[in-house]
Amino acid sequence: MKHYLESIEEVFKAVDSSENGLTEEQAQQRLAENGKNKLDEGEKPTLLKRIIESISDPMIIMLLATALISAVTSALQGEAFTDVFIILFVVIINTIMGLVQESKAEEAIEALKEMTAATSKALRNGVQTVVKSEDLVVGDVLVFEAGDVVPADCRIIESYSMKAEEAALTGESVPVNKLIDTLYMTDEQKDITLGDRHNMLYSGSTVAYGRGKAVVVATGMDTEIGKIAASLQDALSDETPLQRKMAELSKTLTKLVIGICVFVFVLGIVRKGFSGEIVIHTFLTAIALAVAAIPEGLPAVVTIILSIGVTEMSKRKALMRKLAAVETLGCIQVICSDKTGTLTQNKMTVEQAFTFDTPEELLARGMSLCSDSKMGPGETSATGEPTENGLVEYAARLGLPKYELDEKYPRIGEAPFDSNRKMMSTVHNQNGQIVQYTKGATEIVITHCTHYLDHGEPKPITDEIKKTILDGIKAYADEALRVLGLAMREYDAVPASFEAEDLEKDLTFVGYVGMMDPCRIEVFDAIERCRTAGIRPIMITGDHKDTAVAIAKRLHIITDADEAILGSDLEELSDEEMDKVVMTHSVYARVQPEHKTRIVRALEDMNYIVAMTGDGVNDAPSIKSANVGIGMGITGTDVTKGVSDMVLADDNFATIVNAVEEGRKIYDNIRKVLQFQLSTNMAEVLAIFTSSLLGVEMLSPAHLLWINMVTDSAPGLALGMEEAEGDIMSRKPRPTDESVFSEGAGVDMIIQGVIMAALVVASFFLGDYLECLHDGRVFSLASLIANGSKDGMSMAFLTMNFCEMWEAVCMRSQRNSIFTLKHRNRWLLGAFILTFVLTLGVIYIPFLANLFEFTAISALELFIALGLAAMIVPIIELSKYLQRKAAAKKN
């Protein structure tokens, strides 16, 4: 029901109540019928459900399938389940890390509940009594005074200068005057926006000034805040680009593994015949290929890199709640930002002041004295109504602190602010002289003035002077400044009456001030950096259009007012028209929650990666719908923090840009790790495939697991710690459909995989040749097939391991030479040394050598194996050089 369009009498009839409220019996009956005044709790995922979601990743499923097959073959051969345990260990570690890093529960609904008042003052049986807020029902009449939290949606029936703080719901930075009058719509209007319903109080808002009464018209999930809670439950969470790419990669690898395994198995049966022993041997060879092709350590490495990224971001004041969203930051193309408290300080400030050459201190003193806000010794911020806080702080900046003014010029009478008069007057004893100050809407104040101060001296006010004043306040208003005027009056004795009609006449005009919720200083540079990085900033606010346009122009979000649009205008647009609007408009004013979500969805439907920032309850649905939702840690409500992917600990818009830089670096590093691990896996596949064609055993499944879990993982993790490239924030956001193999990465992977495989095969045959020389045997393929070669296998293992370590060093930059990099990666150096020691330990420690069926090779064989591995460095560097030359010719 649109109770704001109804008279008070019609509202009472609709809710079956009266000015005296409900009887206790009526209230209990309605409570039993309609339930408590609280929000429904969303279903929280159980620990089991979260574990299942974690292991349902395609890459993890592939690992589990490999473990199952390995378990079957180990059981058939009566061998230990070493491979199985290693793979399961990886899966468990990966799952635990993901669960620990990500949010353990959605706290948005709980936070919404906490916003409602614990108790309220209600009329029951005609008597004011304290009632639990959750026990309120439709028809209850509530009593409000300054500081009260509104517990339900209400229609106002009495208002004495009442103002409500609704920034969390509407984005309006200034408390709104509340009236009892019935509202009316124009013929063009379909509805009145939430922020313009001045005869309503909404659940979750706060009475900032004055007092009044209101009748409850909606409770629980039927309130405006309840609708937001419902939309939070309905909002969808999309996969991140990295999740999609990893899923695609998993599918590709799965098909590749199955294809290769089937081919090798069939080829082995055709070549060797069909028998139980041959089938098992051929099947084991196929399993070796599967182990070689699957990067077992990749999921854990990616998870750890993301976790490290989360830690780094927290040091830069960006707290990540969802692990996978770290990478998504790197491809953000649009940032939809709330205005109040995000781009601005959510703090009214005097920006300009005007007098007719009268000392500004007099204007500031009068404004401060004619305000109810307080500011004690040593305090830098006033407490009270936001506009009056700004006036008191303005005076304090001029050396006129409020506590001193109150002591020096005590208030002896007043005519409180009234929304009809749009003025407030206070009377003070100024060292024995009685002085009155009147502040309010300037155009109203001057109608009560007979004089004005010129150089501090009163002179009769003329039409010309009034025109000068009106032109000045219009110029301020055009800059979206809120203008307040000040007048004064002196008395020989205390006035006989403090009624407004007696005080507010024969006034002397002093001057006026222009106020605004100012931009955060750091936002100017942050938006410029966004543009350099190819990111488009958009302002979405519940505030008035003129204010939004003025702020947006200051921040260079827009250059023309035509780039701004009202939320009500969006309601008439089709989806196709909406798509065009989001491309041409960067400021959206007077929007409601559903408008914000629609804007975000329209951008996402056009394949933009969208971030939504905000701090109010009204931002929560769109934050949850965005690819990356960003909440404010200090001024933000718990609701927005609960549904966000990232929380800014310092509420600094510039932190978003730092987070984007970190996200881009993380993606770059993950891509380097992917290329590194997949090229090494390709080398393993090609080496095993070659050995299967020749009928020899070059590396066993256990060897390949060691390589994938130790040699691949440690350097891979170290690559994830690589510093950002110098031009990372000068690049445009990468397309969401960009392959991890783009920009030549796929070609590099193939080249490096083929070269490493060739070096490993060469090392294997050289090892067998040297073993034959040592044993006095004739070197031949037949001998190798019949007897195998421990020396050849050991050398191949060493060459594969050290090839991969050197490749990791080369992969610090995809195109630049490692000899030109200005920074060092101490993590990679440590990983190199650790892997070097562990790999040699497998060869030369008898227990490990027997376990892996290796032999302690000679110094010559070790030198040859290491020399062959080191050859990968000049080959990769030559490839980089040729590709740089080719790219330079294209440009």
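What counts, and where the lines are drawn
Residues numbered from 1 in each chain as written. Predicted model: local features only at pLDDT ≥ 70, side-chain atom pairs only at ≥ 80, totals over all residues. Heavy atoms only, no water. Helix = DSSP H or I, 4+ residues; strand = E, 2+ residues; numbered from the N terminus. Buried < 20%, exposed > 50% of the residue type's maximum accessible area, 1.4 Å probe, protein only. Contact = heavy atoms within 4.5 Å. Areas by Shrake-Rupley, 256 points an atom, 1.4 Å probe, with all protein chains shown as cover. Pairing = 2+ DSSP bridges. Axes fitted to C-alpha atoms, helices over the stretch in contact; angles between N-to-C directions. Patch = residues over 30% accessible without salt bridge, like charges linked within 9 Å, V, L, I, M, F, W, Y side chains within 5 Å. Salt bridge = Lys/Arg side-chain N within 4 Å of Asp/Glu carboxyl O. Phe/Tyr/Trp six-rings, centres within 6.5 Å; stacked < 30°, edge-to-face > 60°. Core = buried A, V, L, I, M, F, W, Y, C linked by side-chain atoms within 4.5 Å. Expected span 1.5 Å × (residues − 1). Polar contact = N/O pair within 3.5 Å; in protein donor to acceptor, adjacent residues only side chain to side chain. Parallel < 35°, antiparallel > 145°, perpendicular 65-115°, else oblique. Left-handed = near helix turned anticlockwise from the far one by under 90°. Nonpolar A, V, L, I, M, F, W, Y, C, P; charged D, E, K, R; others polar.

Draft legend 1. Seen up close, the overall build of the protein chain. Helix and strand content of the protein chain: 36 helices and 23 strands. The burial tally for the protein chain puts 56% of its 891 residues in the buried class. Put simply, 74% of the contacts in the protein chain that link residues at least 6 apart link residues at least 24 apart. Element-wise, carbon and sulfur atoms account for 57% of the exposed surface of the protein chain, whose accessible area totals about 37,600 Å².

Draft legend 2. Up close: the sheet that holds strand β18 (residues 536-540). Sheet architecture is open: 8 strands sit in the order β8-β23-β22-β21-β9-β18-β20-β19, paired in mixed fashion. Each edge of the sheet is formed by a strand with only one pairing partner; in this case those strands are β8 (318-320) and β19 (564-566). Averaged over neighbouring strand pairs, the angle between their axes works out to 20° when direction is ignored. Looking at chain direction, β8 and strand β23 (residues 646-648) are connected through 3 bridges and run antiparallel. Across the sheet, A318 pairs through a bridge with L648, a residue of β23.

Draft legend 3. Region of the structure containing a nonpolar patch on the surface. Together, F81, F85, L88, I92 and I96 make up a nonpolar patch on the protein surface, roughly 470 Å² of accessible area in all. We classify F85 as exposed; its relative accessible area is 57%.

Draft legend 4. A look at the pattern of salt bridges. Inspection of every chain in the model, using the stated rule, returns 38 salt bridges. With its nearest N and O atoms 3.2 Å apart, the salt bridge here joins R124 to E24. Highlighted residues: R124 in strand β1 (residues 119-124) and E24 in helix α2 (residues 24-34), separated in sequence by 100 residues. Between K347 and E393 there is a salt bridge whose closest N-O contact spans 3.6 Å. Of this pair, K347 sits in the loop between α13 (339-343) and β10 (349-355) while E393 sits in helix α15 (residues 386-397), placing them 46 residues apart in sequence. Through salt bridges with shared partners, one network takes in K2, D191, R197, E224 and K227.

Draft legend 5. Fine view of the packing of aromatic side chains. In total, this model carries 11 aromatic pairs according to the counting rule given. Geometrically, the ring pair formed by F764 and F765 is edge-to-face, given 5.5 Å between the ring centres and 75° between the ring planes. Looking at F765, the relative accessible area reads 22%, which means it is partly exposed. One aromatic cluster in this structure is built from F354, F356, Y452, Y476, F509 and Y512.

Draft legend 6. Focus on the nonpolar core. Counting residues in each nonpolar core, the largest one holds 123 residues, and the members touching the most others are I332, F509, I557 and F653. If you tally residues by element for this core, the top one is helix α27 (residues 653-694), at 14 residues. Beyond its immediate sequence surroundings of up to four residues, I332 is in contact with I535, I609, A611, V628, V660 and P733. Counting 27 residues, the second largest nonpolar core, distinct from the first, contains L363, A364, Y394 and Y409.

Draft legend 7. Representation of the side chain of Q333. With respect to the element layout, Q333 can be found in the loop between α12 (325-328) and β9 (334-338). Apart from residues no more than four positions distant in its own chain, Q333 is found in contact with G534, I535, R536, N607, Y608, I609 and P733.

Draft legend 8. Main features of unusual backbone geometry. Non-glycine residue K317 carries a positive phi angle of around 75°. Tracing the backbone shows K317 in the loop between α11 (298-315) and β8. Classification of K317 as partly exposed rests on a relative accessible area of 43%.

Draft legend 9. Quick look at helix α24 (residues 593-605). When the terminal C-alpha atoms of α24 are compared, their 18 Å separation across 13 residues agrees well with the 18 Å that a helix rising 1.5 Å per residue should span. For α24, the complete set of buried residues consists of P593, H595, K596, T597, I599, V600, A602, L603 and E604. Downstream of α24 by a residue or two, N607 has a phi angle that is positive, lying close to 70°.

Draft legend 10. Molecular detail of the side chain of T193. Residue position: T193 is located in the loop between β5 (176-177) and β6 (200-201). Of the polar contacts made by the side chain of T193, one reaches the side chain of D196; its length is 2.8 Å. Setting aside its immediate chain neighbours within four residues, T193 contacts R590 and Q592.

Draft legend 11. Structural detail: the packing of helix α28 (residues 701-711) against helix α33 (residues 826-844). At their nearest, the axes of α28 and α33 sit 11 Å apart, and the two run at 160° to each other. It follows that α28 is roughly antiparallel to α33 by the angle criterion. For the pair α28 and α33, the sense of crossing is right-handed. Of α33, the residues touching α28 (which contributes W706, V710 and T711) are T835, L838, T839 and V842. In terms of residue class, the contact of α28 with α33 is built from 4 nonpolar, 3 polar and no charged.

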